[in-house]
Amino acid sequence: AASLLMMGVVSATPAAASAADKSFVAVKKTQFTRNGNPYYIAGANFWYGAYLGANDRPRLLKELDTLKAMGINNLRVLAVSEKTDMKSAVRPATTNEPGKYDERLLAGMDYLLAEMARRDMTAVIYLNNFWQWSGGMTQYLNWFAGTPALDPNVTKDYETYMRETARFYTNEKAQAEYRNVIRTFIGRKNTVTGKPYAGDPVIMSWQLANEPRPGNASSTPQEKDIYVKWIADTAAYIRGLDKNHLVSTGSEGLAGSSQDADLFARAHAARDVDYLTYHLWPKNWGWIDSKRVDATWSGALEKSSHYLNVHIDYAKKIGKPIVLEEFGMDRDGASFDIKAPTTVRDRFYKEVFDVVVGRAEKGDPIAGFNFWAWGGAGRAANPDYWWKEGNDLMGDPPQEEQGLYSVFDTDKSTIALIRKYADRLQALERK
Ligand SMILES: O=C1NC[C@H](CO)[C@@H](O)[C@@H]1O
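Residues numbered from 1 in each chain as written. Predicted model: local features only at pLDDT ≥ 70, side-chain atom pairs only at ≥ 80, totals over all residues. Heavy atoms only, no water.

S.K.: Residue-level account of the site of the ligand, with values.
M.R.: All residues adjacent to the ligand are Trp131, Trp133, Asn210, Glu211, Trp281, Asn284, Glu326, Trp372, Pro397, Gln399, Glu400 and Tyr405. In this structure, an oxygen atom belonging to the ligand sits 2.8 Å away from a side-chain N or O atom of Trp133. The separation between a nitrogen atom of the ligand and a polar side-chain atom of Glu326 is 2.7 Å. Out of a free accessible area of 300 Å², the ligand has 96% covered by protein chains. With respect to the pocket detection grid, the ligand is positioned in the largest pocket. Residues that form the shell around the ligand fall into these classes: six nonpolar, three polar and three charged. (Near = heavy atom within 4 Å. Polar contact = N/O pair within 3.5 Å; in protein donor to acceptor, adjacent residues only side chain to side chain. Areas by Shrake-Rupley, 256 points an atom, 1.4 Å probe, with all protein chains shown as cover. 1 Å grid on protein atoms, 1.4 Å probe; cavity = no way out; pocket = protein on both sides within 12 Å on 5 of 7 lines; lining within 4 Å. Sits in = over half its atoms within 2 Å of the grid points. Nonpolar A, V, L, I, M, F, W, Y, C, P; charged D, E, K, R; others polar.)

S.K.: Before we move on, can you summarise empty space enclosed by the protein with the specific residues and values?
M.R.: Applying the stated criterion across every chain, the model contains four cavities of 30 Å³ or more. The space that makes up the largest cavity amounts to roughly 70 Å³. Forming the walls of the largest cavity are 10 residues, and the residues nearest its centre are Tyr101, Leu106, Val181, Thr184 and Phe185. With three residues, the single largest contributor to the lining of the largest cavity is helix H8 (residues 172-186). Taken together, Ala50, Tyr51, Leu78, Ala79, Val80, Ser81, Thr94 and Leu105 make up the full set of residues lining the second largest cavity. (Points joined across faces, edges and corners; volume = space filled by probe spheres on them. Helix = DSSP H or I, 4+ residues; strand = E, 2+ residues; numbered from the N terminus.)

S.K.: Account for the confidence of the model for the protein chain, with residues named and values stated.
M.R.: Taken over all residues, the pLDDT of the protein chain has a mean of 95, while the share at 70 or more is 95%. pLDDT under 50 marks residues 1-17. Its contacts with residues more than four places away, or in other chains, come to 31 contacts. The complex model carries a pTM of 0.95, and its ipTM stands at 0.99. (pLDDT = per-residue confidence, 0-100. Contact = heavy atoms within 4.5 Å.)

S.K.: Outline the environment of Arg167, listing residues and values.
M.R.: Relative to the assigned elements, Arg167 resides in the loop between helix H7 (158-165) and H8. Along the chain, Arg167 and Phe348 lie 181 residues apart, while their C-alpha atoms are 36 Å from each other.

S.K.: How would you explain the layout of surface pockets if you had to name every residue and give the values?
M.R.: Estimated volume of the largest pocket: approximately 780 Å³. Lining the largest pocket we find 31 residues, and of these Trp131, Glu211, Arg213, Asn284 and Trp285 sit closest to its centre. When residues in the lining of the largest pocket are grouped by element, the largest group, three residues, is from H7. Across the lining of the largest pocket, the residue classes tally to 15 nonpolar, nine polar and seven charged.

S.K.: Break down H8 for me, citing the residues and quoting the values.
M.R.: Relative to the 21 Å expected for 15 residues at 1.5 Å per residue, H8 spans 21 Å between its end C-alpha atoms, a close match to the ideal helical length. Looking at H8, one finds that the buried residues are Ala174, Gln175, Glu177, Tyr178, Val181, Ile182, Thr184, Phe185 and Ile186. Buried-residue contacts for H8 involve strand S7 (100-101), helix H4 (103-118), strand S8 (122-126), helix H5 (136-144), strand S9 (203-207) and helix H9 (221-241). At the N-terminal boundary of H8, the capping side chain belongs to Asn171, with an oxygen 3.1 Å from the backbone nitrogen of Lys173. (Expected span 1.5 Å × (residues − 1). Buried < 20%, exposed > 50% of the residue type's maximum accessible area, 1.4 Å probe, protein only.)

S.K.: How would you sum up the pattern of salt bridges? Please name residues and give values.
M.R.: Applying the stated criterion across every chain, the model contains 31 salt bridges. Salt-bridge contacts for Arg292 lead to Asp289; the nearest nitrogen and oxygen are separated by 3.7 Å. Exposure remark for Asp289: the relative accessible area of 29% places this residue in the partly exposed category. Across the salt bridge formed by Glu361 and Arg424, the nearest N and O atoms sit 2.8 Å from each other. Of this pair, Glu361 sits in helix H12 (residues 343-361) while Arg424 sits in helix H13 (residues 412-428), placing them 63 residues apart in sequence. Judged by relative accessible area, Glu361 falls into the partly exposed class, the value being 33%. Residues participating in the shared-partner salt-bridge network are Asp65, Glu115, Arg118 and Arg119. (Salt bridge = Lys/Arg side-chain N within 4 Å of Asp/Glu carboxyl O.)

S.K.: Can you break down the sheet that holds strand S13 (residues 366-371) residue by residue, with the values?
M.R.: Strand order in the open sheet formed by eight strands is S10-S9-S8-S5-S4-S13-S12-S11, with parallel pairing between adjacent strands. Both outer strands of the open sheet, strand S10 (246-248) and strand S11 (276-280), are each paired with one neighbouring strand and no more. Put simply, the sheet's adjacent strands are angled 25° from each other on average, direction ignored. Examined bridge by bridge, strand S4 (residues 41-45) and S13 share four bridges and lie parallel to one another. Residue pairing for S13: Ile41 is matched across the bridge by Gly368. On the sheet, H4 packs against strand S5 (74-78), S8 and S9 and is oriented at approximately 155° with respect to S8. Seen against the sheet, H12 touches S11, strand S12 (322-327) and S13 and runs at an angle of roughly 155° to S13. (Pairing = 2+ DSSP bridges. Axes fitted to C-alpha atoms, helices over the stretch in contact; angles between N-to-C directions.)

S.K.: Can you explain the sheet that holds strand S1 (residues 26-28)? Please cite residues and give values.
M.R.: With antiparallel pairing, three strands are arranged side by side in an open sheet as S1-S2-S3. The open sheet is flanked by S1 and strand S3 (37-39), the only strands paired with a single partner. Strand after strand, the sheet turns through a mean of 55° between neighbouring axes, direction not considered. Bridge count for strand S2 (residues 31-34) against S3 is three bridges, and the pairing is antiparallel. The partner of Arg34 across the bridge, within S3, is Asn37.

In structure tokens form, the structure reads like this:
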């Protein structure tokens, strides 16, 4: 135990702070509070933040300073990755095989959290992934069910991938190892600050996974019940380890709930799920054709506006805050080139912000946003824009072209837009 303690893997002391400690983000009816004030999220997706904490600290500090300067107060980051043969997954992984965790990479999260705390930022940390780009649930099944980890970028068969990946929820050995990872991670002591994670207010929320889905579009009532139970049980397990931090699911909303509003409500009614999440992807969901924007923009805007508003209405009914923790749009003409304009992206971001910030200002239960995703100083390394091990990491994980949705440090118009709306949200904290 001493060696584990020395490695900062387990904490010797229980969570230092009590739940009454106001420095932790908490929920009060349908709002977040922090340090006794309302708290709003002007956030970024920064999935690779801990990787920079391990492998490129000078770049990490620069990215955090740039993000702080544009009003960002929250980062949504990947906790762990699983080693896999799947081509479009990030390498190296924090988990090389069940129970074998890379301490050097885990210490990357220590450094990230220490530097975020110095900038008064908070972190939403997801502990698994429904998608393949960090190994994720399908890799757990490869370990414990012996099923092949089928990279949907290769098979092009997402329906099969989603149905098979959802078997993760009922595979006992996979669940046991997932809980080992949760316990190891939440029980960790930060090797930079000496603080136990469970007692560190820099963390806002533990998230079950990135975009967990009940299965594919035709998921059965039984699969939906399994999904609801997995969320409730896993959220309760996390609560049992850590009474200080919020718990969230990482759901996309209806798009991640087989378009079943009752399922979304049941899944998020769980006692230990503290707030709701949703994601908005007009291009991924086929609402907009980036090469035919004139013909498809109005339909995409109408669907997006409905999606944005209906989930805030769900949050009102369920009585919990909601965060739009992912949204994105590609560059003009579906280009990946950093020199391509971002006219359509900026127009889309403005529409999103007008709904999110506008309804937050009216006191509705929308607590803010995280745009997807910060690319910062990262640059695509290959003419085909695909990622290879050793290349810069950026907002687009390895399963997507490097430059698809990333907001780079040279995208001045988008950064200015984010800053403007971040300021409006921060103004609400002073009321
Ligand atoms: O969580 C996610 N949501 C959408 C992103 C962009 O397609 C994707 O990269 C990621 O898996």
